[in-house]
Amino acid sequence: MDHMRGLSDRELLAQCVKFGREALLWRNKFRALLPEVERRRLYRKKGYKSVYEFGERLAGLSMAQVAESLNVAERLEDKPALKDLLESGEVSVNKIVRVVSIATMENDGELAEKVQILSLSALKTYVQDLKLDSMVDQTSLVQEEINEYGLKGEVIQRLRELKEKGIDVNEALLEFLNQREEEIIQAKDHIVEELPESSSRYIPTRVKNILKQEYGTSCSVTYCRKPSGNIHHTRRFGLNPSHNPNFMAPLCKEHHQIAHSLDVKVTEIRMKK
Ligand SMILES: [Zn+2]
Ligand SMILES: [Zn+2]
């Protein structure tokens, strides 16, 4: 006790973080043993009625946690990379649970890598994206959104007027949209011509503005509606120190992490910790 009183806040916090992390590691390792305990009915040797009681008494696990451990292990039987990761205890079972529903023998290795690189929230987004990609009929999604534009009276009135004149409203809108895109492309070309060679990470205001015009305020990944918090350089800025808006995209926190996970090796990330 005296020893602890002598610790500074920083030292006390550092110990909490260290022991907390180790506690999680060993708990994960324990959870990975449960399927084998269950298979051998080993809990009986200790006088417990079930593997659930075994998990609760020995490691303070809830019934749900034991059930989850058994379920995940079973579903990873034919996915060696994820299975190894689970057994290593180095990533939380929660993260592995996230990818189980989309794991196949083919993407096993790739998913095991993502589980290590991405935070839990980025991983959720990554899995959602994969599920969206695999939806065959995305038009139904668009259909649902058709009434969500919140068109105001004046806009509706003017579109109606066009229609009454016999002008194809869809065509008129498409024309407007194409023109807008064309204007943005031209504005970007113009900016690129005048863009100074830059080694500073500071993004010029006119670049920020044109990106805002092009992408609005939300993440530039299709169907992602989260606010964009970061402007991402699609060519690594370290290798290509330029703020060319043709190679920049605003991303939400999660997609930004996913974008970087594509070209950063697991080992590099691990070293940063
Ligand atoms: Zn970035
Ligand atoms: Zn996003």
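Rules used in this analysis
- Residues numbered from 1 in each chain as written.
- Chains lettered and ligands numbered in written order.
- Predicted model: local features only at pLDDT ≥ 70, side-chain atom pairs only at ≥ 80, totals over all residues.
- Core = buried A, V, L, I, M, F, W, Y, C linked by C-beta atoms within 7 Å.
- Buried ≥ 20, exposed ≤ 12 C-beta atoms within 10 Å, placed from the backbone.
- Helix = DSSP H or I, 4+ residues; strand = E, 2+ residues; numbered from the N terminus.
- Contact = placed C-beta atoms within 7 Å.
- Domains from an automatic or database assignment.
- Axes fitted to C-alpha atoms, helices over the stretch in contact; angles between N-to-C directions.
- Parallel < 35°, antiparallel > 145°, perpendicular 65-115°, else oblique.
- Left-handed = near helix turned anticlockwise from the far one by under 90°.
- Pairing = 2+ DSSP bridges.

1. As for the nonpolar core
So, point 1. Ranked by size, the top nonpolar core spans 19 residues in total, and within it Leu 82, Leu 86, Ile 96 and Val 115 carry the most contacts.
So, point 2. Of all the secondary-structure elements, those providing two or more residues to this core are helix H5 (63-75), helix H6 (80-88), helix H7 (93-100), helix H8 (108-117) and helix H9 (120-134).
So, point 3. Contacts of Val 115, omitting those with residues within four sequence positions, involve Leu 85, Val 91, Lys 95, Ile 96, Val 99 and Leu 123.
So, point 4. If you look at the next biggest cluster of nonpolar residues, it comprises eight residues, including Val 51, Tyr 52, Phe 54 and Val 66.

2. A closer look at the environment of Ala 112
So, point 1. Among the secondary structure elements, Ala 112 is positioned in helix H8.
So, point 2. Classification of Ala 112 as buried rests on a count of 23 C-beta atoms within 10 Å.
So, point 3. It is 15 Å that separates the C-alpha atoms of Ala 112 and Leu 130, two residues lying 18 residues apart in sequence.
So, point 4. Ignoring anything within four residues of it in the chain, the contact list for Ala 112 reads Ala 81, Leu 82 and Leu 85.

3. Considerations on the domain arrangement of the protein
So, point 1. Here the protein is partitioned into domain 1 (2-117) and domain 2 (170-273).
So, point 2. Taking only C-alpha atoms into account, the centre of domain 1 sits 38 Å from that of domain 2.

4. Digging into the environment of Gln 257
So, point 1. By the element assignment, Gln 257 lies in helix H14 (residues 253-261).
So, point 2. Spatially, the C-alpha atoms of Gln 257 and Gly 20 are 25 Å apart, while their sequence positions differ by 237 residues.
So, point 3. With residues up to four places along the chain from it excluded, the contact list for Gln 257 reads Leu 118, Ser 119 and Ala 122.

5. A short note on the packing of helix H2 (residues 9-40) against helix H4 (residues 51-59)
So, point 1. Put simply, H2 and H4 touch, their axes get as near as 11 Å, and they point 155 degrees apart. On the basis of the axis angle, H2 is roughly antiparallel to H4. Like other packed secondary-structure pairs, H2 and H4 cross with a definite hand, here right-handed. Listed contacts from H4 to Arg 27, Phe 30, Leu 34, Val 37 and Glu 38 of H2 are Val 51, Phe 54, Gly 55 and Ala 59.

6. A look at the pairing of strand E2 (residues 248-251)
So, point 1. Burial along E2 is two-sided: Met 248 and Pro 250 facing one way and Ala 249 and Leu 251 facing the other are all buried.
So, point 2. Of the strand pairs in this sheet, strand E1 (residues 230-233) and E2 are connected by four bridges, and their pairing is antiparallel. Each bridged residue has a counterpart across the sheet, and for Ile 231 the counterpart in E2 is Pro 250.

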